[in-house]
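# Coordinate inspection notes
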Amino acid sequence: SPNVTPSNSILMERDGQVVEVTAGGVRTVVGAMDLVRDTPKRAPLLAADGASFLFVVTNVYDKGSQVRNAYAHRHFLGLGDLRGGRASLTEEQWYGGTATWFPDGKRFAHYEFDSTGGARVHVVAGSGAHEGTAFGLYPSPSPAGTRLACRPRGGGSVVVYTARGGKWDKDSLETAVFRVPSSDGRLSANEPAWLDNRHVLVDEGGSVWRIDTRKDDPEELKKLPPPTVRGARTMALSPSREVIAI
């Protein structure tokens, strides 16, 4: 999980630790003995500010989890900062789904899928405080950070949540559902890709669709070859949002 920092160092996972690699050597940022002793720290994800990062703490014994669903060991999301200070462990359980930072780096979203709660997306502040829960997979924040596009478990549509007043609790969320005409119910691991705060791209059913969130009339991008690998991330948008790689 390599990340390039503003100073051109590399934040990455190595031997169960999160390290920063520079021309001068390797610095351990979060070690195996930090937070929870003898637990691997994996998959760092750097925020746009170039300092805050998420990471996964694996195989944590959690008595509360054991009571709820009989699994004594869980994976949790942690928060770190390259500028210094101690890393912290959040209460967010990690089920293997992707996490993504909002553009301002003040919050992140991640999804989970289990047999009890189904497909859920959680919005969490950079402090680790839980801000809200929605339904879906593969969350993707809009450039302004006020909207979140997700994909439902069975496909067939894109769900867009809008936070009124910047709040992500259930009473502040507006929900809109936009259909995907050629869905076959099998999803790739690609997040919806926002072109701006209004238009979003999604691949499904052997096609790539551009959805205008002001109307329910998806446009198929027929000249764009669709990703072909199911269950893998095969699509990426450039920082300028003008070029897409598949």
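Heads up: these notes are all about the structure in this document. Here the structure is a predicted model, which means the values were calculated and not measured. Residue positions within a chain follow its written sequence, with the count starting from 1. Confidence filtering applies because this is a predicted model: local features only for residues at pLDDT of at least 70, side-chain atom pairs given and counted only at 80 or more, and all residues used for totals across whole chains, interfaces and linings. To obtain the side-chain values, all non-hydrogen atoms of the structure were included, while hydrogens and water were left out.

Our focus in this paragraph is the environment of Pro 141. Counting from the N terminus, the helices are the DSSP runs of H or I reaching at least four residues and the strands are the DSSP runs of E reaching at least two. Position of Pro 141 among the secondary structure elements: in strand β13 (residues 137-141). Partly exposed describes any residue whose relative accessible area lies between the buried limit of under 20% and the exposed limit of over 50%, with all areas from a 1.4 Å probe on protein chains only and scaled to the type maximum. For Pro 141, a relative accessible area of 10% puts it in the buried group. The spacing of Pro 141 and Val 160 is 19 residues in sequence and 9.5 Å in space, taken between C-alpha atoms. Note on contacts: a residue pair qualifies if any of its non-hydrogen atoms lie within 4.5 Å across the two residues. In this structure Pro 141 touches Thr 100, Trp 101, Phe 102, Pro 103, Arg 147, Leu 148 and Trp 194, once residues within four positions along its chain are discounted.

Moving on, we come to the nonpolar core. To define a nonpolar core, start from buried Ala, Val, Leu, Ile, Met, Phe, Trp, Tyr and Cys residues and group those joined through side-chain atoms within 4.5 Å. Judged by nonpolar contacts, the single largest core of 18 residues is most densely connected at Leu 148, Tyr 161 and Trp 168. For this core, the elements supplying multiple residues, two or more each, are β10 (107-114), β11 (118-125), β13, β14 (147-151) and β15 (157-163). Membership of the second largest hydrophobic core comes to 11 residues, among which are Val 18, Leu 46, Val 60 and Phe 76.

This part is about the packing of aromatic side chains. Any two rings among Phe, Tyr and Trp, with Trp reduced to its six-membered ring, count as a pair given centres within 6.5 Å; such a pair is stacked if its planes are under 30 degrees apart, edge-to-face if over 60, and tilted if neither. Taken as a whole, this structure holds four aromatic pairs when the rule is applied. Ring geometry for Trp 101 and Phe 108: centres 5.6 Å apart, planes at 65 degrees, overall edge-to-face. As far as the burial class goes, Trp 101 and Phe 108 line up, both buried. Arranged with centres 5.1 Å apart and planes meeting at 65 degrees, the rings of Tyr 111 and Tyr 138 form a pair that is edge-to-face.

Two strands make a pair as long as DSSP finds a minimum of two bridges between them. Looking at chain direction, strand β3 (residues 17-22) and strand β4 (residues 25-30) are connected through five bridges and run antiparallel. Bridged to Val 21 within β4 is Val 26. In textbook terms, the turn of a hairpin is the stretch between consecutive antiparallel strands, and for β3 and β4 this stretch comprises two residues.

The subject of this paragraph is unusual backbone geometry. In this model, Tyr 138 sits at a positive phi of 50 degrees, which is unusual for a non-glycine residue. In this structure, Tyr 138 sits in strand β13. Although it is not a glycine, Arg 241 adopts a positive phi angle of roughly 60 degrees. Note that Arg 241 resides in the loop between β21 (236-237) and β22 (244-245).

Looking now at the sheet that holds strand β16 (residues 173-179). With respect to topology, four strands assemble into an open sheet ordered β13-β14-β15-β16, the strand pairing being antiparallel. Looking at strand neighbours, the two that pair on one side only are β13 and β16, the edges of this open sheet. Sheet twist, expressed as the mean angle between neighbouring strand axes with direction ignored, is 20 degrees. In the sheet, β15 pairs with β16 via seven bridges, with the strands oriented antiparallel. By the bridge assignment, Ser 157 is partnered in β16 with Arg 179. Axes, fitted as lines to C-alpha atoms, cover a helix only where it is in contact. Angles between the N-to-C directions of the axes lie from 0 to 180 degrees.

Turning our attention to the sheet that holds strand β17 (residues 193-194). Taken in spatial order, the four strands make up an open sheet running β17-β18-β19-β20, and their pairing is antiparallel. Of all the strands in the sheet, the pair left with one neighbour each is β17 and β20 (219-220). Pairing analysis gives two bridges linking β17 to strand β18 (residues 199-204), with the strands arranged antiparallel. The partner of Ala 193 across the bridge, within β18, is Leu 201.

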